[in-house]
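Residues per chain are reported as follows:
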Amino acid sequence: MPANAEPDYVGLDIAKDQLDYCIDEHTEGRRPNTAEGRAQLISQLRGLPHARIILEASGGYEKVVVAELLQAGVEVCVVQPGRVRAMAHAEGLAAKTDRIDARLLRRYGQRYKPRLAVPADPLAATLRELLEHRRALTTQQAEVQGRLALAGPTLRTLLDTQHTFLAEQLAAVEKLLAEHIDRDPCLRTKAARMQEVKGVGPVLAATLLAYVPELGQIESAQLSALLGVAPHAKDSAKTCFPRHVRGGRGQVRTVLYMAAVCASRWNPILAAFYQRLRSHGKPATVALVAVMRKMVCLLNHLIQNPNFVLVR
């Protein structure tokens, strides 16, 4: 799109079986969420001089749509559902249907002009799929372990079999993750670089490579806010409320938290930092979040500066 051109925002609400779109006040409709339906929609959008699609992240149903739109050369913006819903509340809009959501998305794009989506890196996309499958396996494994304690003899046999199967599947996925990273020189170098920090293991390294493409490319303060480990102020007049972290990328924060727990015990520098905060009266959770933020800043610096040497 030319730099001085005004985009034609199109709201697109994505469901499992259908796509509702709103091109303008008089042009809206619905297509089936199939290969043929998406192709028809793309053909229709190509008739617009400067089409820019606004859609919500919808639990994964948007991935194929976004990929096909980008491949067809159509500009796409993927926005957070909570922000769009907040605008609806601000407008006093209580009703919610797929068609209303498509209109709302179009207005959201016109008002806030969100950033454009970029094609997903195939290597990172594969990493995300493997990590999501690993997360599902670990969740199932934890559930089985919890039921084992109360199981009778017959059920215990079944649960033991299931637990063994899940352990084998988990080992297979972790092997695939390691092989996938090792095959690409860039991923292999970054993963090895991050694991120089005591407390950072292969799972955290893979998670950062998969979900944080900005690592090493933006300032550490921005990255901390992006991942949801930077406390936000909550002050009013002379009152200063406690600051809290919120938002960010949940898949990364979960893994980063466990890495921070490990680092607060075994990393000499981060453990000393953690103990200093605790000695000053900071709650354990607050101190751990501070360790998480320190780790993010350190890892970002490591990727940005290949010549930086860690203190041993």
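Now for a quick tour of the structure. The structure presented is a predicted model; accordingly, all values stated were derived computationally and were not measured.

With respect to the overall build of the protein chain
Point 1. A count of helical and extended segments in the protein chain gives twelve helices and seven strands.
Point 2. Overall, the protein chain is about 65 × 60 × 45 Å in size when its C-alpha atoms are taken along their principal axes.
Point 3. Counting across all 312 residues of the protein chain, residues that qualify as buried make up 38%.
Point 4. When contacts within the protein chain are restricted to residue pairs at least 6 apart in sequence, long-range pairs at least 24 apart make up 58% of them.
Point 5. A total accessible area of about 18000 Å² is found for the protein chain, and carbon and sulfur atoms account for 55% of it.

Remarks on the state of the cysteines
Point 1. Scanning the model with the defined rule gives zero disulfides in all.
Point 2. There is no disulfide at Cys22, and the cysteine sulfur nearest it, in Cys77, is 15 Å away.

Let's talk about unusual backbone geometry
Point 1. Even without glycine at this site, Lys113 takes up a positive phi of about 45 degrees.
Point 2. Within the secondary structure, Lys113 sits in the loop between α4 (98-112) and α5 (122-148).
Point 3. The phi dihedral of Ala237 is positive, around 55 degrees, even though this residue is not glycine.

Structural notes on the packing of helix α11 (residues 268-279) against helix α12 (residues 284-304)
Point 1. Here α11 crosses α12 at 145 degrees, and the two axes come no closer than 9 Å. Judged by the twist between their axes, the crossing of α11 over α12 is right-handed. Contacts from Leu270, Phe273, Tyr274, Leu277 and Arg278 in α11 reach Ala284, Ala287, Leu288, Ala290, Val291, Lys294 and Met295 in α12.
Point 2. For the contact of α11 with α12, a count of residues per class yields ten nonpolar, no polar and two charged.

What about the side chain of Asp184?
Point 1. Mapped onto the elements of the fold, Asp184 is located in the loop between α6 (153-183) and α7 (185-194).
Point 2. Look at Asp184: it is buried, it has no salt bridge, and the nearest opposite charge is Arg188 at 7.3 Å.
Point 3. A polar side-chain atom of Asp184 sits 2.9 Å from the main-chain amide nitrogen of Leu187.

Considerations on the sheet that holds strand β3 (residues 28-32)
Point 1. Reading across from one edge, β3-β2-β1-β4-β5 is the order of the five strands in this open sheet, with mixed pairing throughout. Strand pairing shows two members of the sheet lacking a second neighbour, β3 and β5 (75-79), which therefore form its edges. Mean inter-strand twist for the sheet, computed between neighbouring axes without regard to direction, equals 25 degrees.
Point 2. Together, β1 (8-14), β2 (18-22), β3 and β4 (51-56) form the strand contacts of helix α1 (residues 35-45), whose direction differs from that of β3 by roughly 145 degrees.
Point 3. Each of β1, β2, β4 and β5 is contacted by helix α2 (residues 62-71), which is oriented at about 170 degrees to β4, the strand it contacts most.

Focus: the nonpolar core
Point 1. Ranked by size, the top nonpolar core spans 53 residues in total, and within it Leu127, Met194, Leu204, Leu208, Val212 and Met295 carry the most contacts.
Point 2. Of all the secondary structure elements, the ones that give two or more residues to this core are α5, α6, α7, α8 (202-211), α9 (220-227), α10 (250-266), α11 and α12.
Point 3. No other element matches the eleven residues that α12 contributes to this core.
Point 4. Beyond its immediate chain neighbours, meaning those up to four positions away, Leu127 contacts Leu177, His180, Ile181, Leu187, Ala206, Leu209 and Ala210.
Point 5. Tyr21, Ile23, Leu41 and Val66 belong to the second largest nonpolar core, which has 16 residues in total.

The rules behind each value
- Residues numbered from 1 in each chain as written.
- Predicted model: local features only at pLDDT ≥ 70, side-chain atom pairs only at ≥ 80, totals over all residues.
- Heavy atoms only, no water.
- Helix = DSSP H or I, 4+ residues; strand = E, 2+ residues; numbered from the N terminus.
- Buried < 20%, exposed > 50% of the residue type's maximum accessible area, 1.4 Å probe, protein only.
- Contact = heavy atoms within 4.5 Å.
- Areas by Shrake-Rupley, 256 points an atom, 1.4 Å probe, with all protein chains shown as cover.
- Disulfide = S-S within 2.5 Å.
- Axes fitted to C-alpha atoms, helices over the stretch in contact; angles between N-to-C directions.
- Left-handed = near helix turned anticlockwise from the far one by under 90°.
- Nonpolar A, V, L, I, M, F, W, Y, C, P; charged D, E, K, R; others polar.
- Lys, Arg positive; Asp, Glu negative; His and termini not counted.
- Salt bridge = Lys/Arg side-chain N within 4 Å of Asp/Glu carboxyl O.
- Polar contact = N/O pair within 3.5 Å; in protein donor to acceptor, adjacent residues only side chain to side chain.
- Pairing = 2+ DSSP bridges.
- Core = buried A, V, L, I, M, F, W, Y, C linked by side-chain atoms within 4.5 Å.

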